[in-house]
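Listed below are the residues making up each chain.
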Amino acid sequence: MVRVLALATSLGLAAGSLAAIAPPSRPIIWADVEPLHTALEAHGVTAASFGRLVERIHTDNLRRVREGDLDHLIFYALQSTRFTTLPVIEPALSARALVEGLDAPGREAFVRTAGPEPRIPAAERARLAALLYALDSSSSDPRIVYFRRLVETSFPDRRQREAGLVREYLRVVRFVYKKEFIAQRAEHAPDAVAELYRTRGLSTDTAVEAGYVVSLGLGVLKSLTPGTRIRRVLIIGPGLDLAPRTALVEDGPPESYQPWAIIDALLTLGLSRVDDLEVVGADINPRVVEHLRRAQASPPTLTLVSEIAETDRIAFTPDFRDYFATLGRSVGNVRAASSAGLAGHLRKVVRVGAGAARTLRAEQLDVVTERLEGRPFDLVVVTNVLPYFDDVQLMLAMRNIAGMLAPGGVLLHNEARPLLREVTAAVGLPFEQSRHVVIATVAGAQAPLFDSVWLHRRVVP
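### Observations regarding helix α4 (residues 104-111)
Of all the positions in α4, only Ala-109, Phe-110 and Val-111 are classed as buried. The positive-phi residue at the C-terminal boundary of α4 is Thr-113, with phi of around 60 degrees.

### Side note on the confidence of the model for the protein chain
The pLDDT averaged across the protein chain works out to 91; a share of 94% of its residues lies at or above 70. Scored below 50 in pLDDT, residues 1-22 shows 110 contacts in the model against residues more than four places distant or in partner chains.

### With respect to the sheet that holds strand β6 (residues 332-336)
Strands sit in the order β4-β7-β6 across an open sheet of three strands; the sheet is antiparallel. Of all strands in the sheet, those bounded by a partner on one side alone are β4 (301-305) and β6. Within the sheet, the average angular offset between the axes of one strand and its neighbour, ignoring direction, is 20 degrees. Summarising the sheet, β4 and strand β7 (residues 347-352) pair through five bridges and their orientation is antiparallel. By the bridge assignment, Leu-304 is partnered in β7 with Lys-348.

### What to know about the nonpolar core
Membership of the largest hydrophobic core comes to 142 residues, with the highest contact counts inside it found for Leu-40 and Phe-50. The leading source of residues in this core is helix α2 (residues 47-79), at 12 residues. Look past the residues within four positions of Phe-50 in its chain and what remains in contact with it is Ile-28, Ile-29, Trp-30, Val-33, Leu-40, Val-45 and Leu-396.

### Overview of the packing of aromatic side chains
On inspection of all chains with the given rule, the structure shows 11 aromatic pairs. Each residue in the set Tyr-76, Phe-83, Tyr-146 and Phe-147 is aromatic and connected to the rest through ring pairs, giving one cluster. Of note, Arg-232 hangs over the ring of Phe-377, and the distance from its end group to the ring centre comes to 4.1 Å. Positioned above the aromatic ring of Phe-324, the side-chain terminus of Lys-348 is 5.3 Å from the ring centre.

### Notes on the side chain of Asp-451
Locating Asp-451 in the fold gives a position in strand β13 (residues 449-457). The buried category is assigned to Asp-451, whose relative accessible area is 0%. Within polar-contact distance, the side chain of Asp-451 engages the side chain of Asn-414 at 3.3 Å.

### Some details on the packing of α2 against helix α6 (residues 142-154)
Direction vectors running N to C along α2 and α6 enclose 130 degrees, while the axes themselves pass 11 Å from each other. Here α6 runs oblique to α2, going by the angle between their axes. The two elements α2 and α6 meet at a crossing, and its hand is left-handed. On the side of α2, the interface is formed by Arg-66, Asp-69, Leu-70, His-72, Leu-73 and Tyr-76, while α6 contributes Arg-143, Ile-144, Tyr-146, Phe-147, Leu-150, Val-151 and Ser-154. Of the residues in the contact of α2 with α6, the class split is eight nonpolar, two polar and three charged.

### A closer look at the packing of helix α7 (residues 161-182) against helix α8 (residues 189-197)
Look at α7 against α8: their axes get within 9 Å of each other, and the N-to-C directions meet at 160 degrees. One way to sum up the angle between α7 and α8 is to call them roughly antiparallel. Crossing of α7 over α8 shows left-handed handedness. Where α7 abuts α8, its residues Phe-175, Lys-178 and Lys-179 lie against Val-193, Leu-196 and Tyr-197. Classifying every residue of the contact of α7 with α8 by side-chain character gives four nonpolar, no polar and two charged.

### As for the sheet that holds strand β11 (residues 405-413)
What holds strands together in a sheet is hydrogen bonding between their backbones, with the strands either parallel or antiparallel. A sheet is described by the order of its strands in space; here eight strands give the open sequence β5-β12-β13-β11-β10-β2-β3-β8, paired in mixed fashion. On the outer flanks of this sheet lie β5 (314-316) and β8 (360-364), each paired with one strand and no other. Here the average twist between neighbouring strands, direction ignored, is 25 degrees. Of the strand pairs in this sheet, strand β2 (residues 232-236) and strand β10 (residues 377-382) are connected by three bridges, and their pairing is parallel. Residue pairing across strands places Val-233 opposite Leu-379, the latter belonging to β10. Its contacts with the sheet put helix α9 (residues 210-224) on β10, β11, β12 (431-442) and β13, and the angle it makes with β12 is roughly 140 degrees.

### Section: α9
For α9, which comprises 15 residues, the first-to-last C-alpha distance of 22 Å matches the rise-based estimate of 21 Å (1.5 Å per residue) to within 8%. Listing the buried residues of α9 in full gives Ala-210, Gly-211, Tyr-212, Val-213, Val-214, Ser-215, Gly-217, Leu-218, Val-220 and Leu-221. Contact partners of the buried residues in α9: α10 (258-268), α12 (318-326), β10, β11, β12 and β13.

### A closer look at the pattern of salt bridges
The final tally for this structure, using the stated rule, is 31 salt bridges. Among the salt bridges present, the one from Arg-26 reaches Glu-373, with a minimum N-O distance of 3.5 Å. Here Glu-373 lies in the loop between β9 (370-372) and β10 and Arg-26 lies in strand β1 (residues 25-27), a separation of 347 residues in the sequence. Since its relative accessible area comes to 23%, Arg-26 is described here as partly exposed. The partly exposed category is assigned to Glu-373, whose relative accessible area is 33%. With its nearest N and O atoms 2.9 Å apart, the salt bridge here joins Asp-71 to Arg-171. Taken as a pair, Asp-71 in helix α2 and Arg-171 in helix α7 lie far apart in primary sequence, 100 residues in all. Like Arg-171, Asp-71 is buried.

### Describing the pairing of β10
With five of six residues buried, β10 is to be regarded as a mostly interior element. When β10 meets β11, the two strands line up parallel, connected through five bridges. Residue pairing for β11: Phe-377 is matched across the bridge by Leu-405. With respect to chirality, the unit in which β10 leads through helix α14 (residues 391-404) into the neighbouring parallel β11 is right-handed.

Quick notes on the rules
Residues numbered from 1 in each chain as written. Predicted model: local features only at pLDDT ≥ 70, side-chain atom pairs only at ≥ 80, totals over all residues. Heavy atoms only, no water. Buried < 20%, exposed > 50% of the residue type's maximum accessible area, 1.4 Å probe, protein only. Helix = DSSP H or I, 4+ residues; strand = E, 2+ residues; numbered from the N terminus. pLDDT = per-residue confidence, 0-100. Contact = heavy atoms within 4.5 Å. Pairing = 2+ DSSP bridges. Axes fitted to C-alpha atoms, helices over the stretch in contact; angles between N-to-C directions. Core = buried A, V, L, I, M, F, W, Y, C linked by side-chain atoms within 4.5 Å. Phe/Tyr/Trp six-rings, centres within 6.5 Å; stacked < 30°, edge-to-face > 60°. Lys NZ or Arg CZ within 6 Å of the ring centre and 35° of its normal. Polar contact = N/O pair within 3.5 Å; in protein donor to acceptor, adjacent residues only side chain to side chain. Parallel < 35°, antiparallel > 145°, perpendicular 65-115°, else oblique. Left-handed = near helix turned anticlockwise from the far one by under 90°. Nonpolar A, V, L, I, M, F, W, Y, C, P; charged D, E, K, R; others polar. Expected span 1.5 Å × (residues − 1). Salt bridge = Lys/Arg side-chain N within 4 Å of Asp/Glu carboxyl O. Right-handed = clockwise from strand over helix to strand, strands pointing away.

Written out as structure tokens, the structure is:
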């Protein structure tokens, strides 16, 4: 399944007044989750323990934000061609070589996070050293600037940075090995992988393909209720394209694509007007929030490159090609771009216009433990965020989302967990429609590259 981004819908106010509106977030309390009291008590959560639970989850989520950023740092260190000419190292291959190079007891101990740390290979150590050298330089490369700030914050003692990066490398390859070479071979592989994601770092990963399934969902919404007018949009976890685990593309600076793809789809479908639209990007990662806030004053020029590349075996569907061809026309100026060095990828450049940029603002939000105050949203879309939550966290997030939606407002998501239908019904967000979308076909594979979208509508008793 293709990685997809998290989104949501915002309130309709004049664009010029957006800067004056900044509804704060507040922690969720026991009274907020009244429809879920019985279900939460079955998990050992009570009124007396709820406050401590919320505080513990929020503290742990902040740790997971830091780990997610450091995951990207390690993937960048292994794959980037900008700061070194050393050969690129694929993270999964690095993980397999390290772990399977250990004897059986050492391998078991490493996977269980027990025993002494193994020595990392010379090639990986050389790349980490080269990255540290680049971070100490005056380079203005956007990813170097981002990771320089991260390293300075995470390892303030310069003398400890190399050891710190080695520890992070070992943590990252442990997860990659467990995901790719243990969970994938389990009897119920999807469940085993999903269980790993509920404790891993919170990734900011995003991709251009993410907007496709959301655009489809918005099209379904319009067909169900043709007169729908979307004025308030909340994007939960809009993400930032830093350094994915595979297929790092450094053709442009780090960008958050999803807000612009959603604004573009809303305007193209006639669900919104640019002078009557407010889009809130809500992310727990403060660096993502800072990035989005800069975009309002300085509209970005997006270099859009498909994460998937066509090959002899992989072919885009005509519908996805059509989507990519029109993407960006409603938010700015579009021009074609050369795909030299990016064989098989679709590529274009979109210069976001000032009008579209004025519709966007950003807020820091942990959707599991907090909700935004203020006027409710017309639509909440959240994709590839919910898999990071365990069952209790999923319940809290759904209750917060329901609390931020206006009556009749719509939740759009792509989480297939069966529990979700039960939880959404309990919080007043019954299921309404679903669609499945194929992005590319793969010759000889059991299934194509696809994603799904579910729509729920808030009802008030």
